[in-house]
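Per-entry structural report
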Amino acid sequence: MSGSVSVSFVGCGGMAAHYLGVYRDLDWVRVVSCIDTDLESARKAAEVAGGIATQDFAAALGGDVDAVIVSTPNWLHRPQAVAAIQAGKHLLLQKPVATTLADAEAIAAAAERSTRTVGLYMSYFDQPLVHDLRDMVSVGWLGDLVHCYAGLMHKGGMMWSEEALKGHPTWRGSIEETGGGCFIQLAVHYIHIFEWISGAKVARVTGFTRNLHCPGLEGEDLAVAVLEMDSGAMVTLDTAWCANGEELSVHGTLGRFNYRNNQRLALASSAGPFEGRVARYTGGLTPAFGGPQGEEQQMEVRPPAFSDVANPLNQHRAFLEAVREGRPAPVSIASGVHDLRVVRAVYESARSGRAVEVC
Ligand SMILES: NC(=O)c1ccc[n+]([C@@H]2O[C@H](COP(=O)([O-])OP(=O)(O)OC[C@H]3O[C@@H](n4cnc5c(N)ncnc54)[C@H](O)[C@@H]3O)[C@@H](O)[C@H]2O)c1
């Protein structure tokens, strides 16, 4: 297809509000409807991005809509995504794909049969630094990958818990509507990133979950997982929504990458200089136990805003360009099904107290 793309938003809540600006600012994109069961949220979105505000999901399936953007609670992904695909729409679906593997596989099966652009929104792929990291790995700048770590924690869970205890529960407190607690919501980002940068797959997992500070939520507010990759490398992946902080570290035989709180990047490698989109390393060796190692260099790197339409990596812009040019979406639904399979294996390990194979 060429020319303009007409869009319907389904779910105009917290996350959607961050990226509506992309749809407003692309002059070849036209928002025709903003749909939300909460009419006030739909109205606010329509004020920013245009289109009518309605509570009626059927508006997304009308003949005037090319592409549907689903940003609703996880348990609604299956019915809404499958209906949109079956109506012949292009679709961008929020992560995680669904609450259960059966629902996720049903969406993937519908996507497989579709000739349209159907994909998953993975917000971290907006970030040039994540693409630089993949390049560092693929050119061998870090050497052989040995260990990856990610910790992704925020205190939203404590807020949702308090609200639930005051009589205002949200979908995030319900295991049925969310699919779990903090791990399903937060870990999918890094499961996806670690497999994507390394080309390896998670083969076996061990997990632990707790609910320490969120009595108003059914799911866990702390989860710790060890992922064994089929390459032999190991991953430690921690998530929480009763503490704050984020860290991404990758260690290889030649160097290391460490990024803290979306701000501080520290790089070291004995492989010489690296020049990426945002990461720069000029090289230099320092004596160390076991032989000289790369000198550590630090810099500040901030992620782009979700609404930064000038960012060619922006995943909404990239999806819309794929629709216009008849290409597949940047991130497939099938890859998100695999992320969910890893999440479910971690939950199974936490429940059974045993390591669980990911098939
Ligand atoms: N980094 C990320 O990419 C990121 C971050 C947060 C959330 N998310 C995902 O985005 C999705 C939405 O999360 P959120 O934080 O925006 O939640 P939210 O609760 O803030 O917003 C959800 C919206 O959906 C609306 N809604 C509920 N039922 C509906 C229905 N039947 N039809 C239409 N609208 C309906 C609600 O009224 C609400 O406005 C979830 O799948 C979540 O996992 C992704």
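Because the structure is predicted, anything quoted here is derived from the model rather than measured.

**Re the domain arrangement of the protein**
- Looking at the protein, the domain boundaries give domain 1 (5-124 + 310-331) and domain 2 (126-305 + 340-357).
- Measuring from the centre of the C-alpha atoms in domain 1 to the corresponding centre in domain 2 gives 26 Å.
- Across the contact, 18 residues belong to domain 1 and 19 residues belong to domain 2.

**Description of the site of the ligand**
- Taken together, 23 residues lie near the ligand, and G11, G13, G14, M15 and S123 sit nearest.
- Tallied by class, residues from the shell around the ligand come to 9 nonpolar, 11 polar and 3 charged.

**Brief notes about helix α9 (residues 315-325)**
- Burial of α9 is extensive: 8 of the 11 residues sit out of reach of the surface.
- Among all positions of α9, only Q315, H316, R317, A318, F319, L320, V323 and R324 are buried.
- Buried-residue contacts for α9 involve β1 (5-10), α1 (16-25), β2 (29-35), β4 (67-70), β5 (90-94) and β6 (118-121).
- Phi turns positive one or two residues past the end of α9, at G326, with a value near 70 degrees.

**Concerning the sheet that holds strand β13 (residues 264-269)**
- As summarised here, the arrangement of the 9 strands in space is β18-β13-β12-β11-β7-β10-β9-β8-β19, forming an open sheet in which the pairing is mixed. Strand pairing shows two members of the sheet lacking a second neighbour, β18 (297-300) and β19 (356-357), which therefore form its edges.
- Of the pairings in the sheet, the one linking strand β12 (residues 255-260) to β13 comprises 6 bridges and is antiparallel in character. Bridged to Y259 within β13 is L265.
- Lying on the sheet, helix α8 (residues 182-198) is in contact with β7 (145-153), β8 (202-210), β9 (222-229) and β10 (234-240); it crosses β10 at an angle near 155 degrees.

**Here we look at the environment of L93**
- Its place among the elements puts L93 in strand β5.
- With 96 residues separating them in the primary sequence, L93 and H189 have C-alpha atoms 14 Å apart.
- Here L93 is in contact with V70, H77, A81, L120, Y121 and I333, once residues within four sequence places are set aside.

Rules behind the numbers
Residues numbered from 1 in each chain as written. Predicted model: local features only at pLDDT ≥ 70, side-chain atom pairs only at ≥ 80, totals over all residues. Domains from an automatic or database assignment. Contact = placed C-beta atoms within 7 Å. Near = placed C-beta within 6 Å. Nonpolar A, V, L, I, M, F, W, Y, C, P; charged D, E, K, R; others polar. Buried ≥ 20, exposed ≤ 12 C-beta atoms within 10 Å, placed from the backbone. Helix = DSSP H or I, 4+ residues; strand = E, 2+ residues; numbered from the N terminus. Pairing = 2+ DSSP bridges. Axes fitted to C-alpha atoms, helices over the stretch in contact; angles between N-to-C directions.

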